[in-house]
Amino acid sequence: MRKLFSLMLVVLGATALVSCSKDDDDVLRDGEGVITFVTEAKSLTLDDDSALCLETFNEEESITIDWGDGNEEEYVYVRVENKPGDFVYAIISEHTYTDGKSSHTVTARGKIIYFGVYNCEVTSIDVTKCPALEDLNCKDNQLTSLDVSKNTALEGLRCDGNQLTSLDISKNKALDYLDCEDNRFNASAMNKIYNDLPVVEYGELACDKLGDYSIAKRKGWDVIFVD
């Protein structure tokens, strides 16, 4: 599973559209996905604290981003040498808004397997039209709700540092990593999360110390409390 932490990557832009390899046995991986989110940030920048980054299934596939201000760009997913012998794959985007509007709706289209938009003043996000998504990182934003019911391939989710009062993960049977700490869950909401977790050989759950977390432990989850 890809860990949902900041990637040390570079900005990659391109205009050429290339053919994509297909996996006939996996309909989800062969389909295009659409993710939209609303941000109040003046710019989406790549640094250690905030970023918009995406990953596709295969090298040289492309993702189109409509920034919500009349600008649209296409990015190609390529292999980048992070350090000698260590390669990472991703698309990283940076954009600055100059139209004076207080918020913008951003739309990403492509064969998206990983999507991260963290600490970017995001007030809402829609990933329901991207069922092939395997990893989502939307930590440290202003989300009050998050629907991942259509993301049945989801393996990792970071939604810590938001304003969620509930989270339904009952459809996410592939999940083996969840960080949901520092939200507005009460004990009852956390008990629902514990009960909805799939049974795994090993999973990691980072959360606040609320409810009966032994439910998660009995399902194979290592529960980590963060002060």
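Treat the numbers as computed from the prediction; the structure is a model and nothing was measured.

**Q** For this particular structure, what's the right way to read the overall build of the chain?
**A** Secondary structure assignment for the chain yields three helices and 16 strands. Residues classed as buried in the chain amount to 45% of the 227 residues present. Of all intrachain contacts in the chain linking residues separated by at least 6 positions in sequence, the fraction that spans at least 24 positions is 51%. Accessible surface computed for the chain: about 10900 Å², of which carbon and sulfur atoms make up 45%.

**Q** It is not clear to me how the nonpolar core should be interpreted in this structure. Could you clarify?
**A** The nonpolar side chains of a soluble globular protein tend to be buried, and buried together. Judged by nonpolar contacts, the single largest core of 49 residues is most densely connected at Phe-115, Ile-125, Leu-136, Leu-146, Leu-178 and Leu-205. Broken down by element, this core gets its largest block of residues, four residues, from helix α2 (residues 187-196). The contacts of Leu-146, once residues within four sequence positions are left out, are Ile-125, Leu-136, Cys-138, Leu-157, Cys-159, Leu-164 and Leu-167. Formed by eight residues, the second largest nonpolar core is a distinct cluster that contains Cys-53, Phe-57, Tyr-114 and Ala-132.

**Q** I tried to follow the sheet that holds strand β5 (residues 72-76) on my own but got confused; where do I start?
**A** Sheets are built from strands that pair by backbone hydrogen bonding, the pairs being arranged parallel or antiparallel. Pairing is antiparallel across the open sheet formed by five strands, whose spatial order is β5-β4-β9-β1-β11. The open sheet has two edge strands, β5 and β11 (122-129), and neither has a second partner. Strand-to-strand, the axes of this sheet are offset by a mean angle of 15°, without reference to chain direction. As paired elements, strand β1 (residues 33-39) and strand β9 (residues 104-110) share seven bridges and run antiparallel to each other. Bridged to Gly-33 within β9 is Gly-110.

**Q** Explain the packing of aromatic side chains here, please?
**A** The geometry of an aromatic ring pair is captured by the separation of the ring centres together with the interplanar angle, meaning the angle of the planes. Evaluation of the coordinates by the stated rule reveals two aromatic pairs. Ring plane angle 55° and centroid distance 6.0 Å describe the contact between Phe-37 and Phe-115, whose orientation is recorded as tilted. Note that Phe-37 is positioned in strand β1 and Phe-115 in strand β10 (residues 112-118), a separation of 78 residues in sequence. Seen from their ring centres, Tyr-213 and Phe-225 are 4.7 Å apart, and the 75° between their planes marks the pair as edge-to-face. One end of the pair, Tyr-213, is in the loop between β15 (203-207) and α3 (214-218); the other, Phe-225, is in strand β16 (residues 221-225), with 12 residues separating them in the sequence. The class of Phe-225 is partly exposed, set by a relative accessible area of 29%.

What counts as what
- Residues numbered from 1 in each chain as written.
- Predicted model: local features only at pLDDT ≥ 70, side-chain atom pairs only at ≥ 80, totals over all residues.
- Heavy atoms only, no water.
- Helix = DSSP H or I, 4+ residues; strand = E, 2+ residues; numbered from the N terminus.
- Buried < 20%, exposed > 50% of the residue type's maximum accessible area, 1.4 Å probe, protein only.
- Contact = heavy atoms within 4.5 Å.
- Areas by Shrake-Rupley, 256 points an atom, 1.4 Å probe, with all protein chains shown as cover.
- Core = buried A, V, L, I, M, F, W, Y, C linked by side-chain atoms within 4.5 Å.
- Pairing = 2+ DSSP bridges.
- Axes fitted to C-alpha atoms, helices over the stretch in contact; angles between N-to-C directions.
- Phe/Tyr/Trp six-rings, centres within 6.5 Å; stacked < 30°, edge-to-face > 60°.

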